[in-house]
There are 2 protein chains.
Amino acid sequence: MPDPDMTHGFDTRNAAQVAALAKAMAHPARVRIIEFLLSRPGCIGGDIVDEIGLAQSTVSEHLRILKESGLVVGTIERPRICYSLDPGALEPLHALIGLIAARGAQNDAASCCYTPQAYAGKESAE
Amino acid sequence: MPDPDMTHGFDTRNAAQVAALAKAMAHPARVRIIEFLLSRPGCIGGDIVDEIGLAQSTVSEHLRILKESGLVVGTIERPRICYSLDPGALEPLHALIGLIAARGAQNDAASCCYTPQAYAGKESAE
DNA sequence: TATATTAATCGTCAATCGACGATGCAAGGA
DNA sequence: TCCTTGCATCGTCGATTGACGATTAATATA
């Protein structure tokens, strides 16, 4: 048995990886940091604090989370630290999202379930 | 001024959208639900509960979050509910991740900052 | 009408998150 | 040596999350 985590073709390890990456992007301030880093040719030090408009300690904490996920890398250039994106880090997330997006082509959201006669009384669930 | 939320080329509204989508994917159980939905031609009712291995109420809560994000749609087929992915929903997230991934081609993670002489004493920040 | 099936909702609890100000720390310059 | 600069870390607070069992709601079926 190659991988004991495998279930129905997907493994829980990968799910945890993807979730961790998504979590890193799951806050508006962090998304804005990413976008900011994306808008620059190189990377920036504490300008991020000005850009985001939160306290320095708060931004530092967001950067810590981003670094922990691997999405952002910091290079020390005393007294500054130089932040930049590591695009390769979000590969697992990118792959899954790519799969979902690809499904969009073949499969309109309406087509459904294994009980074909189900279409009779269709309501939207909320 | 076309959009008061614009800051340095990105708007906070979009950041919130992206963050909300990422948040929906920011839990291993929800990622596994997505992968499970992806592994099926159509969609499934309460089989998700068996697949995930958490209590029914917990899975229901995760499904609520996924529906709220638009990523998953539920169609009522009494007494079941038929869940399926709506690939279009994660467009904003997909777009941003696409941008980041594209950057990977031109820009290796090492190249950095606007102070070119910085490369002298390079350490890794943790 | 009574019962079984399936999913949503409620109430509760511990754990985690996000924000802040204050403080600490390492290098560079006066 | 004493400041200054730039970032990390600490401690604290309220808010949110994630898990569960119990309950409720809506149908189908006996």
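An account of the accompanying structure is given in this report. (Residues numbered from 1 in each chain as written. Chains lettered and ligands numbered in written order. Predicted model: local features only at pLDDT ≥ 70, side-chain atom pairs only at ≥ 80, totals over all residues.)

### Examining the overall build of chain A
When helices and strands are tallied, chain A shows five helices and five strands. What you see in chain A, going N to C, is helices and strands ordered as β-β-α-α-α-α-β-β-α-β. A total of 126 residues make up chain A; the buried ones form 37% of that total. Put simply, of all contacts in chain A between residues at least 6 apart along the chain, 48% involve residues at least 24 apart. (Helix = DSSP H or I, 4+ residues; strand = E, 2+ residues; numbered from the N terminus. Buried ≥ 20, exposed ≤ 12 C-beta atoms within 10 Å, placed from the backbone. Contact = placed C-beta atoms within 7 Å.)

### Some words on the protein's contact with DNA strand C
Every one of the 22 residues lining DNA strand C counts as a neighbour, but Ser-57 and Thr-58 of chain A together with Gly-45, Gly-46 and Ser-57 of chain B are closest to it. Those elements giving two or more residues to the surface near DNA strand C turn out to be α4 (56-69) of chain A together with α4 (56-69) and β4 (80-85) of chain B. With six residues, the top contributor of residues to the surface near DNA strand C is α4 of chain B. Grouping the constituent residues of the surface near DNA strand C by class yields eight nonpolar, nine polar and five charged. (Near = placed C-beta within 6 Å. Nonpolar A, V, L, I, M, F, W, Y, C, P; charged D, E, K, R; others polar.)

### Side note on the packing of helix α2 (residues 28-38) of chain A against α4 of chain A
Residue and element names in this part refer to chain A. For the pair α2 and α4, the least separation of the axes is 10 Å and the interaxial angle reads 70°. By the criterion of interaxial angle, the relationship of α2 to α4 is roughly perpendicular. Contacts between α2 and α4 involve Ala-29, Arg-30 and Ile-33 on the former and, on the latter, His-62, Ile-65 and Leu-66. Taken together, the residues of the contact of α2 with α4 break down into four nonpolar, one polar and one charged. (Axes fitted to C-alpha atoms, helices over the stretch in contact; angles between N-to-C directions. Parallel < 35°, antiparallel > 145°, perpendicular 65-115°, else oblique.)

### Overview of the protein's contact with DNA strand D
Gly-45, Gly-46 and Ser-57 of chain A together with Ser-57 and Arg-78 of chain B are the nearest of the 23 residues found near DNA strand D. Those elements giving two or more residues to the surface near DNA strand D turn out to be α4 and β4 (80-85) of chain A together with α4 of chain B. For the surface near DNA strand D, the element with the most residues is α4 of chain A, which contributes six residues. Its residues assigned to classes, the surface near DNA strand D comprises eight nonpolar, 10 polar and five charged.

### Observations regarding the nonpolar core
One finds Val-18, Ala-22 and Met-25 of chain A together with Val-18, Ala-22 and Met-25 of chain B to be the most contacted residues of the largest nonpolar core, which totals 61 residues. Not counting the four nearest positions on each side in its chain, Ala-22 of chain B is found in contact with Ala-22, Met-25 and Ala-26 of chain A together with Leu-93 of chain B. (Core = buried A, V, L, I, M, F, W, Y, C linked by C-beta atoms within 7 Å.)

### Concerning the packing of α2 of chain A against helix α1 (residues 12-24) of chain B
Viewed as axis vectors pointing N to C, α2 of chain A and α1 of chain B meet at an angle of 115°, and their least axial separation amounts to 8 Å. The hand of the α2 of chain A/α1 of chain B crossing is right-handed. Note on element contacts: α1 of chain B touches α2 of chain A through Thr-12, Ala-15, Ala-16, Val-18 and Ala-19 of chain B, opposite Pro-28, Val-31, Arg-32 and Glu-35 of chain A. Class assignment for the residues of the contact of α2 of chain A with α1 of chain B results in six nonpolar, one polar and two charged. (Left-handed = near helix turned anticlockwise from the far one by under 90°.)

### Topic: the pairing of strand β3 (residues 72-77) of chain B
Residue and element names in this part refer to chain B. Of the pairings in the sheet, the one linking β3 to β4 comprises six bridges and is antiparallel in character. In the sheet register, Ile-76 faces β4, and the bridge partner there is Ile-81. The hairpin formed by β3 and β4 contains two residues between the paired strands. (Pairing = 2+ DSSP bridges.)

### Remarks on the environment of Tyr-83 of chain A
Residue and element names in this part refer to chain A. Of note, Tyr-83 is situated in strand β4. Placed 61 residues apart in sequence, Tyr-83 and Ala-22 show a C-alpha to C-alpha distance of 20 Å. Residues contacting Tyr-83, with those up to four places away along its chain left out, are Leu-37, Cys-43, Ile-44, Ile-48, Leu-63, Val-72 and Gly-74.

### Some details on α4 of chain A
Residue and element names in this part refer to chain A. Here α4 contains 14 residues, and its C-alpha end-to-end distance of 20 Å stays within 8% of the 20 Å for a straight helix at 1.5 Å per residue. All buried positions along α4 are accounted for by Val-59, Leu-63, Leu-66 and Ser-69. Each buried residue of α4 lies within a common arc of 120° when the element is viewed along its axis, so the set occupies one face. Taken together, the buried residues of α4 touch α1 (12-24), α2, α3 (47-52), β3 (72-77) and β4. (Expected span 1.5 Å × (residues − 1). Arc of directions from axis to C-beta.)

### A closer look at helix α2 (residues 28-38) of chain B
Here α2 of chain B lies mainly inside the structure; nine of its 11 residues are buried. If you check which residues of α2 of chain B are buried, you get Pro-28, Arg-30, Val-31, Arg-32, Ile-33, Ile-34, Glu-35, Phe-36 and Leu-37 of chain B.

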